[in-house]
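Inside the fold
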Amino acid sequence: MSTVIMHNVMSVDGFIADKNDDVGPLHEWYFSGDTPITEPAGEQDFDHSGSGAGFKVARASADYVRATWASIGTIVMGRTLFDLVNGWEGQPPAGEHVVVVSHRPKPDGWHPEASYHFVDNIHAAIATARELAGDRTVAVNAGQVGGQCLAAGLIDEVAMDVVPVVFGSGKRFFGDIDGQHLLEDPHVVIQGERVLHLRFGVRK
C-alpha cells in the first residue's frame with residue numbers, strides 16, 4: 001500500500017506562503033545550487049521552475065529531492081493551489097496523477113487528457129490517490145487540505161523543507177489544525193544550502 005506523505009517548503013515559523021499566497025524566498029534554494037534535478041525549459045512542455053532553466057540545487061539536496069520526486073505516484077492538492085498554478089497545465093511536477101479537493105468541478109474543457117480527479121472531501125481524495133498511486137507515494141500538499149488529512153489520521157509521514165526565513169504571518173504549514181498530534185523522531189535530516197530537509201513518521 002502506498003505511503004501518504006504531507007509535504008511542503010516552509011519558513012522556520014511554519015508558513016508556506018504569505019497571506020497573498022506569495023512564497024517569497026521559500027523557493028530560492030531550488031535555484032541556488034549547481035546540480036540540476038529536472039530538465040531545463042525547452043526539453044519539457046511546462047516549466048515548473050518558472051525560471052526557464054529548470055531546478056538547480058546544492059549537491060547535498062539533489063539526491064534527496066530526486067528520490068522523493070521519483071517516488072511520487074499521485075499528488076493531492078487543494079483548489080486554491082490548483083487555481084494559482086492552473087493545475088500546472090495538466091502536467092504535475094511529480095507523478096502521473098493529481099487529486100484536487102474541491103466543491104467545484106474541473107473547469108469546463110480544461111486539459112481533458114490529464115489524469116486530474118476532482119473530489120469534494122479529504123477521505124475520498126486519499127482513497128482515490130492511493131488507488132491511482134499503487135505502491136508509489138501519495139504526496140499531500142501542506143496547508144488546509146494537508147492539515148485536515150493529518151487531523152483525520154490519513155497521513156503516514158510529514159516531510160518539510162525548512163528555509164531560514166521568518167514570515168511572521170501567512171498560510172500555515174498545518175492550516176487551521178486544532179489539537180495536538182505527535183510525530184516520531186525525524187528519520188531524515190539533511191542539511192542543504194539555505195534549506196533543511198526533515199521527515200517524520202506520524203505516531204498512530
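Check the entry above for the structure.
The following paragraphs examine the structure supplied in this document. The model shown is predicted, which means the values in this text are computed figures rather than measured ones.

Moving on, we come to the pattern of salt bridges. Under the definition given, this model contains nine salt bridges. Two residues, arginine 203 and glutamate 184, come together in a salt bridge whose shortest N-O distance is 3.7 Å. Pair noted here: arginine 203 is in the segment after strand 12 (196-202) and glutamate 184 is in strand 11 (residues 183-191), with a separation of 19 residues, a long-range link. A single network of salt bridges, built from pairs that share partners, joins Arg79, Asp83 and Arg104.

Bringing the environment of isoleucine 72 into the picture now. Following the sequence through the fold, isoleucine 72 ends up in strand 5 (residues 72-78). By relative accessible area, isoleucine 72 is classed as buried at 8%. The sequence separation of isoleucine 72 and tryptophan 29 amounts to 43 residues, and the corresponding C-alpha distance is 21 Å. If we ignore the near neighbours within four places in the chain, the residues touching isoleucine 72 are Ala94, Gly95, Arg136, Thr137 and Ala139.

Enumeration over the complete set of coordinates arrives at one cavity of 30 Å³ or more. Along its surface, the largest cavity is lined by His7, Trp29, Tyr30, Tyr64, Val65, Thr68, Trp69, Asp161 and His197. Its residues assigned to classes, the lining of the largest cavity shows five nonpolar, three polar and one charged.

In this section: the nonpolar core. Trp29, Tyr30, Ile37, Trp69, Val98, Tyr116 and Val163 are the most contacted members of the largest nonpolar core, which has 31 residues in total. Sort the elements by how many residues they give to this core and helix 1 (residues 59-71) lands first, with four residues.

All of the buried residues in helix 4 (residues 144-151) are Val145, Gly146, Gly147, Cys149 and Leu150. The inward-facing, buried residues of helix 4 contact strand 1 (4-11), strand 5, strand 6 (97-101), helix 3 (122-133), strand 8 (137-141) and strand 12. Where helix 4 ends, the next residue or the one after it, glycine 153, has phi of about 75°, a positive value.

Next up on the list: the packing of aromatic side chains. Taken as a whole and assessed by the stated rule, the structure comprises eleven aromatic pairs. Their ring planes at 20° and their centres at 5.5 Å tell us that phenylalanine 31 and phenylalanine 55 sit as a pair that is stacked. You can see phenylalanine 31 sitting in the loop between strand 2 (15-17) and strand 3 (35-36) and its partner phenylalanine 55 sitting in the loop between strand 3 and strand 4 (56-57), a full 24 residues away along the chain. What makes phenylalanine 31 partly exposed here is its relative accessible area of 36%.

With that settled, consider the pairing of strand 12. Taking burial as the measure, the seven residues of strand 12 include six buried ones, the bulk of the element. In this structure, strand 9 (residues 157-163) lies alongside strand 12, joined through six bridges in antiparallel fashion. Across the sheet, aspartate 161 pairs through a bridge with histidine 197, a residue of strand 12. Here six bridges tie strand 11 to strand 12, and the two strands are oriented antiparallel to one another. Across the sheet, the residue bridging to leucine 183 is valine 202, located in strand 12. Counted between consecutive antiparallel strands, the loop separating strand 11 from strand 12 contains four residues, among which arginine 194 sits at a positive phi close to 65°.

To continue, consider the sheet that holds strand 7 (residues 116-119). Note on sheets: strands pair through backbone hydrogen bonds, and any given pair is parallel or antiparallel. One open sheet holds the eight strands; their spatial order is 7-6-5-8-1-9-12-11, and the pairing between them is mixed. On the outer flanks of this sheet lie strand 7 and strand 11, each paired with one strand and no other. The mean angle between the axes of side-by-side strands here comes to 25°, regardless of whether they run parallel or antiparallel. Across the sheet, helix 4 touches strand 1, strand 5, strand 6, strand 8 and strand 12, and the angle it forms with strand 8 is around 120°.

Time to look at the environment of arginine 79. Relative to the helices and strands, arginine 79 resides in helix 2 (residues 79-85). Residue classification places arginine 79 among the buried residues on the basis of a relative accessible area of 10%. Distance in space between the C-alpha atoms of arginine 79 and alanine 125 is 12 Å, their sequence separation being 46 residues. Beyond its immediate sequence surroundings of up to four residues, arginine 79 is in contact with Val100, Val101, Ser102, Arg104, Pro105, Pro107 and Phe118.

Conventions adopted
Residues numbered from 1 in each chain as written. Predicted model: local features only at pLDDT ≥ 70, side-chain atom pairs only at ≥ 80, totals over all residues. Heavy atoms only, no water. Salt bridge = Lys/Arg side-chain N within 4 Å of Asp/Glu carboxyl O. Helix = DSSP H or I, 4+ residues; strand = E, 2+ residues; numbered from the N terminus. Buried < 20%, exposed > 50% of the residue type's maximum accessible area, 1.4 Å probe, protein only. Contact = heavy atoms within 4.5 Å. 1 Å grid on protein atoms, 1.4 Å probe; cavity = no way out; pocket = protein on both sides within 12 Å on 5 of 7 lines; lining within 4 Å. Points joined across faces, edges and corners; volume = space filled by probe spheres on them. Nonpolar A, V, L, I, M, F, W, Y, C, P; charged D, E, K, R; others polar. Core = buried A, V, L, I, M, F, W, Y, C linked by side-chain atoms within 4.5 Å. Phe/Tyr/Trp six-rings, centres within 6.5 Å; stacked < 30°, edge-to-face > 60°. Pairing = 2+ DSSP bridges. Axes fitted to C-alpha atoms, helices over the stretch in contact; angles between N-to-C directions.

Honestly, that's just the spatial picture; any functional story needs more than this.
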